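Residues per chain are reported as follows:
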Amino acid sequence: MELSIPAAPAQLAAVRRAARSYLHGVAGEVADDVVLALHEAASNAVLHGSSSGQPVKVVLRVTEQCIEASVLDHGQHPPAPADGDAAELGTHGRGLWLLRGLVDEVRIERVRHGTRVTLRRCLGPPRALAH
């Protein structure tokens, strides 16, 4: 699945619908986690990343081993990594904390024209809940 959406909050529902449809064959809890994580990453790109009407690109792929999603915006600076629990983060950094609880890998990288967030969730045995 590949989407290019305007950097507008109203477009986020379309991202969720498309992701849910694309993940129709994936176990319910795994699909739910990936859709929520993808929504959070896309929300950050729309609200904080892209500017001047630049679109946000969303890509979602499923292989035998994992689900990989990426969100590319045209922002200048990736967010600072957030560690610790949500209560310690105040009003910033909760999105990264949430992403790390939903997927197995979160990569944030500065690329030629923006910032890319890549999310990876392994398929297989259920993940242990983080405490």
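Note that the structure is predicted; figures quoted are calculated from it, not measured. Residue positions within a chain follow its written sequence, with the count starting from 1. Residue-level local features of this predicted model are given only where pLDDT is at least 70; pairs of side-chain atoms are given and counted only at 80 or more, and the full residue set underlies all totals for whole chains, interfaces and linings. Only hydrogens and water are set aside when side-chain values are computed; all heavy atoms of the structure are taken into account.

(A) View of the nonpolar core. What is meant by a nonpolar core is a set of buried Ala, Val, Leu, Ile, Met, Phe, Trp, Tyr and Cys residues, joined one to another through side-chain atoms within 4.5 Å. The classification of residues rests on relative accessible area computed with a 1.4 Å probe and restricted to protein chains. Under 20% of the type maximum is buried, over 50% is exposed, and intermediate values are partly exposed. Grouped together as the largest cluster of nonpolar side chains are 30 residues, with contacts concentrated most on Leu23, Leu38, Leu60 and Leu119. Runs of E in the DSSP output that reach at least two residues are strands. Runs of H or I that reach at least four are helices, and both are numbered from the N terminus. Elements with a contribution of two residues or more to this core: α1 (12–22), α2 (28–49), β2 (56–62), β3 (66–73), α3 (94–102) and β5 (114–122). Considering every element that reaches this core, the biggest residue donor is α2, with 10 residues. Contacts between residues were defined by any pair of non-hydrogen atoms, one from each residue, lying within 4.5 Å. Apart from residues lying up to four places away in sequence, leucine 119 is in contact with Ala37, Leu38, Ala41, Ile67, Glu68, Ala69, Leu99, Val103, Glu105 and Val106.

(B) Spatial organisation of the state of the cysteines. Whenever a pair of cysteine sulfur atoms sits within 2.5 Å, that pair is classed as a disulfide. Within the structure shown, the criterion is met by zero disulfides. In this structure cysteine 66 is not part of a disulfide, and its nearest cysteine sulfur, from cysteine 122, lies 6.2 Å away. According to the relative accessible area criterion, cysteine 122 is partly exposed, its value standing at 41%.

(C) Here's a closer look at the pattern of salt bridges. What counts as a salt bridge is simple: a side-chain nitrogen of Lys or Arg found within 4 Å of a carboxyl oxygen of Asp or Glu. Using the criterion set out here, one finds seven salt bridges in the structure. Arginine 121 is the salt-bridge partner of aspartate 33, the closest N and O atoms lying 2.8 Å from each other. In this pair, aspartate 33 sits in helix α2 while arginine 121 sits in strand β5, placing the two residues 88 residues apart along the sequence. Residue aspartate 33 shares its accessibility class with arginine 121, and that shared class is buried. Connected through salt bridges with shared partners, the residues Glu2, Lys57 and Arg61 form a single ionic network.

(D) Structural context of the packing of α1 against α2. Angles run from 0 to 180 degrees between N-to-C directions of axes, and those axes are lines fitted to C-alpha atoms, restricted for helices to the stretch in contact. As a packed pair, α1 and α2 sit with axes 10 Å apart at the nearest point and diverge in direction by 150°. By the angle between their axes, α1 is roughly antiparallel relative to α2. The hand of the α1/α2 crossing is right-handed. Two secondary-structure elements touch here, α1 through Leu12, Val15, Arg16, Ala19 and Arg20 and α2 through Ala31, Asp32, Val35, Leu38, His39, Ala42, Ser43 and Val46. An angle below 35 degrees is treated as roughly parallel, one above 145 as roughly antiparallel, one from 65 to 115 as roughly perpendicular, and anything else as oblique. Crossing handedness is read from the near helix: turned anticlockwise from the far helix by less than a right angle, it gives a left-handed crossing, and turned clockwise, a right-handed one.

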